[in-house]
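So the chains spell out like this:
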Amino acid sequence: MNTRSIQFAIDYINQQGGGRLVFDVGRFLTGTIHLKSNVTLHLLEGAVLLGVLNPFDYDSEKIDRQKFTALILARDQQNIAITGMGVIDGQGRQAARNIIDLVHKGLIKDKFRNDRPEADTRPMLIYFRNCEHVLINRVTMRNAASWVQTYDQCKNVHVDSITVDSRAFWNNDGIDIVDCDSAAITNSYIDSDDDGVCLKSHDSTAICQNIVVRDCVIRSSANAIKFGTASLGGFRNIRIINIKVFNTYRSALALEAVDGGFIENVEADSLQVTNSGNAIFLRIGERITGKKGRLENVKINHLSVEIAPGKPDSGFEYEGPIEDMPRNISPPVIIAGLPGAMITNVSLNNIELKYPGGGNSKFAKILLNELDSVPEKPAAYPEFSMFHELPAWGIYIRHAKDIQVNNLILSCEKKDYRTAIVLDDVHHSKFSSMKIKEPGNKKTFYQYHSTEIILK
């Protein structure tokens, strides 16, 4: 165990005004360490910072009613960094199983929902709260027992050229950015059981703003890039540029304003998506009664998507759940607001969507004269499959206005009983330069309770 010696070195460097703590080749077993201002942990190639298996060797930070347990903790610190070609390995699979054993023995109290301990009981690799000028560069992060890394109400965060390989247990979010101001995630490879890059807003008085995600490759058994589900405050000025997504169970891009917060001024450009369950999911919800979200000003340009014909993460250790059936494959683009809370000002430009098709009306069916039967589900957990069967195979838009779709190529490989594009309560919107390819000859566009729709 190296916990005390590592902490002594961090404290010493901090007291001397700052510097680097360098880990040479070797495996350094440790419980929680607390990173201090002006200190860099530098892991040389071949160095492994190894999380201990005993749950009682981890510390937690208590934030309001939540606690956050992690291998590396920092709170109210400045100029901190983790760099180098080494590895941080949480041994999360076995650490989580040890927590389960202690819960069964009554030594750890836990709600133990879904036969697993809560995420806040299990250790992350990194949890930084209210820190400024944070750099994470080149390291590899593996096998967290919970979320891999969380930056909470931090400012000026740069995560660059890292590798996340974390499929050890449930809730393995690759990177969580919570109510941060000025953060960048660049040049990184992320393979995680849960959401790859997840922006959250835990505080109704705070927002997540001025965020860039650029030049990354992401695979997830949930969503590749997601805003929410926690969305109490808001998200503003987010750019997502040049992202490759593959073998992802849910959405490549999911923007979810469901807890009373807002999402505005989001730009996504140059996304290449292969073998994914869904391309774009925009959702307003009302999980807190009386507090509907707001979602507006979204630009998505140069998107190429291939939707999976089957389960896109099949064979991975912790797959996404089997969906409730019967249900045909969902359309790759779903924009779903609520009555009285419309999604506003969304543009989709230069979009190519390849869909496997094969929707069978004898398996499940929603007719165009039955659109009112599609449930609203304002309080439900948001996912692209939440509505079950939908009447469109390509694009489904409901409760929205000022939608612009330009230069769209939409292709369906196998014959599908559904209509390509279905609008329900959509207003003042324009669809131009569309090429829709599908077997058979049927109507490709349907609008219901919609006004001022321009087709060119």
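As shown above, the structure is provided for reference.
Parameters at a glance
- Residues numbered from 1 in each chain as written.
- Predicted model: local features only at pLDDT ≥ 70, side-chain atom pairs only at ≥ 80, totals over all residues.
- Heavy atoms only, no water.
- Core = buried A, V, L, I, M, F, W, Y, C linked by side-chain atoms within 4.5 Å.
- Buried < 20%, exposed > 50% of the residue type's maximum accessible area, 1.4 Å probe, protein only.
- Contact = heavy atoms within 4.5 Å.
- 1 Å grid on protein atoms, 1.4 Å probe; cavity = no way out; pocket = protein on both sides within 12 Å on 5 of 7 lines; lining within 4 Å.
- Points joined across faces, edges and corners; volume = space filled by probe spheres on them.
- Nonpolar A, V, L, I, M, F, W, Y, C, P; charged D, E, K, R; others polar.
- Phe/Tyr/Trp six-rings, centres within 6.5 Å; stacked < 30°, edge-to-face > 60°.
- Helix = DSSP H or I, 4+ residues; strand = E, 2+ residues; numbered from the N terminus.
- Polar contact = N/O pair within 3.5 Å; in protein donor to acceptor, adjacent residues only side chain to side chain.
- Expected span 1.5 Å × (residues − 1).
- Arc of directions from axis to C-beta.
- Pairing = 2+ DSSP bridges.

Undergrad: Just to check I follow, could you spell out the nonpolar core for this structure?
TA: Note that soluble globular proteins tend to have their nonpolar side chains buried in a common cluster. Grouped together as the largest cluster of nonpolar side chains are 103 residues, with contacts concentrated most on I72, I82, F128, I136 and Y151. Sequence-distant contacts of F128, that is, excluding residues within four places in its chain, are made with L35, I72, L73, A74, I80, I82, V134, I136, T150, Y151, D152 and C154.

Undergrad: Mind showing me how you'd approach empty space enclosed by the protein here?
TA: Empty pockets left among the atoms are what a rolling probe the size of a water molecule brings to light. Under the criterion given, the structure shown has one cavity of 30 Å³ or more. Estimated volume of the largest cavity: approximately 30 Å³. Together, G51, Y58, L71, G90, P123, M124, L125 and A145 line the largest cavity. Taken together, the residues of the lining of the largest cavity sort by class into six nonpolar, two polar and no charged.

Undergrad: Explain the packing of aromatic side chains here, please?
TA: Here the structure, examined in full by the defined rule, presents ten aromatic pairs. Seen in terms of ring centroids, F169 and Y318 are 5.9 Å apart; in terms of plane orientation they differ by 65°. Their pairing is edge-to-face. Of this pair, F169 sits in the loop between β15 (163-166) and β16 (175-178) while Y318 sits in the loop between β24 (294-307) and β25 (333-336), and the two are 149 residues apart along the sequence. No difference in accessibility class separates F169 from Y318, as the two residues are buried. Joined through ring pairs, the aromatic side chains of F68, Y127 and W147 make up one cluster.

Undergrad: Explain the side chain of N278 here, please?
TA: Note on placement: N278 falls in strand β23 (residues 262-284). By relative accessible area, N278 is classed as buried at 0%. A distance of 2.8 Å separates polar atoms of two side chains, one belonging to N278 and the other to S251. In this structure, N278 is in contact with R250, S251, A252, I307, P331, P332, V333, I334 and F384, ignoring residues within four places of it in sequence.

Undergrad: Got a minute to help me understand helix α2 (residues 92-104) in this structure?
TA: Within an α-helix, residues lying three or four positions from one another point in the same direction, as the helix has 3.6 residues per turn. Taking 1.5 Å of rise per residue, 13 residues should cover 18 Å, and α2 covers 18 Å from first to last C-alpha, within 8% of that figure. Of the positions making up α2, those classed as buried are G92, A95, A96, I99, I100, L102 and V103. Angular distribution of buried residues about the axis of α2 spans 165°; they occupy a single face of the element. Positive phi appears at G106, one or two residues downstream of α2, with a value of about 80°.

Undergrad: Explain helix α1 (residues 3-15) here, please?
TA: In a regular helix each residue adds 1.5 Å, so 13 residues correspond to 18 Å; α1 covers 18 Å between its end C-alpha atoms and thus fits that length. Residues of α1 that are buried: T3, I6, Q7, A9, I10 and I13. Projection of α1 onto a plane perpendicular to its axis shows the buried side chains occupying an angular sector of 160°, all on one side. Structural note: α1 exposes R4, F8 and Q15 on the side pointing more than 90 degrees away from its buried face. Where α1 ends, the next residue or the one after it, G17, has phi of about 105°, a positive value.

Undergrad: When you look at the pairing of strand β20 (residues 208-220) in this model, what are you seeing that I'm missing?
TA: In terms of strand pairing, strand β17 (residues 181-186) meets β20 through five bridges, oriented parallel. Note on β20: the bridge partner recorded for I185 is V213. Relative to β20, strand β18 (residues 189-192) is paired through four bridges, and the arrangement is parallel. What sits directly across from D191, in β20, is R219.

Undergrad: What is the right way to read the side chain of E389 from this model?
TA: Note on placement: E389 falls in the loop between β26 (343-357) and β27 (392-414). A polar contact is formed between the side chain of E389 and the backbone nitrogen of N328, at a distance of 2.8 Å. If sequence neighbours within four positions are ignored, E389 has contacts with R327, N328, A364, K365, I366, Y417 and R418.

Undergrad: Is there a simple way to explain the environment of R129 in this structure?
TA: With respect to the element layout, R129 can be found in strand β10 (residues 124-129). For R129, a relative accessible area of 14% translates into the label buried. Put simply, R129 and Q77 are 52 residues apart on the chain and 8.3 Å apart in space, counted from C-alpha to C-alpha. Contact partners of R129, with chain neighbours within four places excluded, come to I63, A74, R75, D76, D152, Q153 and C154.

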